[in-house]
Amino acid sequence: MPIDAARALAAEPRLKNIAWDHKDIQLYHLGLGAGIPATDPDELRYTLESRLHVLPSFATVAGAGMAMLGGLAAPGIDVNLAAVLHGGHSIELHRPIPVKGRARSGSKVAAVYDKGKAAVIVLRSEVADADGPLWTSDAQIFVRGEGGFGGDRGPSARSETPEREPDRVEERIVREEQALLYRLSGDWNPLHADPEFAKTAGFDRPILHGLCSYGMTLKAVVDTLLGGDVSLVRAYRTRFAGIVFPGETLRIRMWREPGRIRVEVGAAERDGAPVLADTVVEHA
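Residues numbered from 1 in each chain as written. Predicted model: local features only at pLDDT ≥ 70, side-chain atom pairs only at ≥ 80, totals over all residues. Heavy atoms only, no water.

K.L.:
Talk me through the sheet that holds strand 6 (residues 168-173); I want residue IDs and the actual numbers.
P.N.:
Strand order in the open sheet formed by ten strands is 1-3-4-5-2-7-10-9-8-6, and the pairing between neighbours is antiparallel. Each edge of the open sheet is held by one strand with a lone partner, namely strand 1 (14-20) and strand 6. Averaged over all pairs of adjacent strands, the angle between their axes in this sheet comes to 20°, without regard to strand direction. Summarising the sheet, strand 7 (residues 233-240) and strand 10 (residues 273-283) pair through six bridges and their orientation is antiparallel. Across the sheet, R239 pairs through a bridge with A277, a residue of strand 10. Against the sheet, helix 6 (residues 210-225) touches strand 2 (84-93), strand 6, strand 7, strand 8 (249-257), strand 9 (260-267) and strand 10, its axis set at about 50° to strand 8. (Pairing = 2+ DSSP bridges. Helix = DSSP H or I, 4+ residues; strand = E, 2+ residues; numbered from the N terminus. Axes fitted to C-alpha atoms, helices over the stretch in contact; angles between N-to-C directions. Contact = heavy atoms within 4.5 Å.)

Dropping the structure here:
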């Protein structure tokens, strides 16, 4: 079988040294649309090195971009990359991410689930520096055609939308060049830049990175419902439910609950077509 779950789960973590500084943080934030208006004190926390704080979703690109997907080359994993989709992502923050850091990343296959016609591989990265753990990041990778091996189906991430009006609705414009800027943080997939490649994948033009929508959404939550305090974020998870194109607008609907904020994200120009679902920000 292309997936040998027992072998994959037993494999030793792949270790790597990673590093970042203020330039990486600023580039990532700009890729999420930060800096508008450029002189807004709230935006300067994302763009000016003397005031910089770090949005926790930076963990998805820190030091290595999408190197976590190298876990698909782990022992026991032999899949066609054309059948691979990034189905969801979660991060758990152990403490705020510093503006400058050197750390050790250990990546492994944390789980393999059998969904029948597909498999879900959970690729986990655990990152720590000299002072201890920083974050744990889980990428849920959906592999079409690789299910049916008799494994555990795994948990369901689906959750119902609260039966009340959202506490906050924000709209965030995806600039025309935003995918081109975001990819400089490490995700070089031509699907997000090359029109001809996008057509071969079934899209009439390049689409925005799912993790860019992920970061834009967390920024909107932090800036509106968490008072701009990135240190309050404890964990953040989502399921990638659809696509958004550069030039479109993210409509971000938020519901406050004790210790967490529930979120749904849709494409405003397409009648709220789902972009992110089952999204939760846990906070202090």
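K.L.:
Any details on the pattern of salt bridges? Residues and values, ideally.
P.N.:
With the rule as written, the count across this model stands at 19 salt bridges. Across the pair R262 and E257 runs a salt bridge whose closest N-O atoms are separated by 3.2 Å. Overall, R262 belongs to the buried group, its relative accessible area being 12%. One connected set of salt bridges, linked through shared partners, spans E43, K219 and D223. (Salt bridge = Lys/Arg side-chain N within 4 Å of Asp/Glu carboxyl O. Buried < 20%, exposed > 50% of the residue type's maximum accessible area, 1.4 Å probe, protein only.)

K.L.:
Could you give an account of the packing of aromatic side chains, naming the residues involved and the relevant values?
P.N.:
Per the counting criterion, the structure on display carries six aromatic pairs. Geometrically, the ring pair formed by W20 and F58 is edge-to-face, given 6.3 Å between the ring centres and 65° between the ring planes. Of this pair, W20 sits in strand 1 while F58 is found in the loop between helix 3 (41-47) and strand 2, placing the two residues 38 residues apart along the sequence. Centroid distance Y28 to F58: 5.7 Å. Interplanar angle 70°. Geometry classified as edge-to-face. You can see Y28 sitting in helix 2 (residues 22-31) and its partner F58 sitting in the loop between helix 3 and strand 2, a full 30 residues away along the chain. For the pair shown, Y28 and F58 are each scored as buried. Members of the aromatic cluster, joined through ring pairs, are W20, Y28, F58, W135 and Y182. The aromatic ring of F245 is capped on one face by R205, whose charged end is 4.0 Å from the ring centroid. Over the ring of Y46 we find K219; its NZ or CZ atom is 4.6 Å from the centre of that ring. (Phe/Tyr/Trp six-rings, centres within 6.5 Å; stacked < 30°, edge-to-face > 60°. Lys NZ or Arg CZ within 6 Å of the ring centre and 35° of its normal.)

K.L.:
Explain helix 6 to me, using residue names and the numbers behind them.
P.N.:
It helps to recall that an α-helix has 3.6 residues per turn; residues three or four apart then point in one direction. Given a rise of 1.5 Å per residue, 16 residues ought to cover 22 Å, and the 22 Å separating the end C-alpha atoms of helix 6 matches this to within 8%. The element helix 6 is largely enclosed, with a buried count of 14 among its 16 residues. Phi for G227, located one or two positions after helix 6, is positive at around 60°. (Expected span 1.5 Å × (residues − 1).)

K.L.:
How would you sum up the pairing of strand 3 (residues 101-114)? Please name residues and give values.
P.N.:
Extensive coverage of strand 3 is indicated by the burial of ten of its 14 residues. Here strand 1 runs beside strand 3; their pairing, made up of seven bridges, is antiparallel. Following the sheet pairing, W20 is matched in strand 3 by G101. Alignment of strand 3 against strand 4 (residues 118-129), held across ten bridges, turns out to be antiparallel. Residue pairing across strands places V112 opposite I121, the latter belonging to strand 4. A loop of three residues connects strand 3 with strand 4, the two strands running antiparallel in sequence, and G116 in this loop sits at a positive phi of about 90°.

K.L.:
Would you mind going over the nonpolar core in detail, with residue names and values included?
P.N.:
Counting 50 residues, the largest nonpolar core has W20, F58 and W135 as the members making the most contacts within it. Counting residues per element, this core draws most heavily on helix 6, which supplies nine residues. With near-sequence residues (within four places) excluded, W20 lies in contact with I25, F58, A62, I97, P98, V99, K100, G101, A103, L134 and W135. One finds L72, I77, V109 and A139 within the second-largest nonpolar core, a separate group that totals 15 residues. (Core = buried A, V, L, I, M, F, W, Y, C linked by side-chain atoms within 4.5 Å.)

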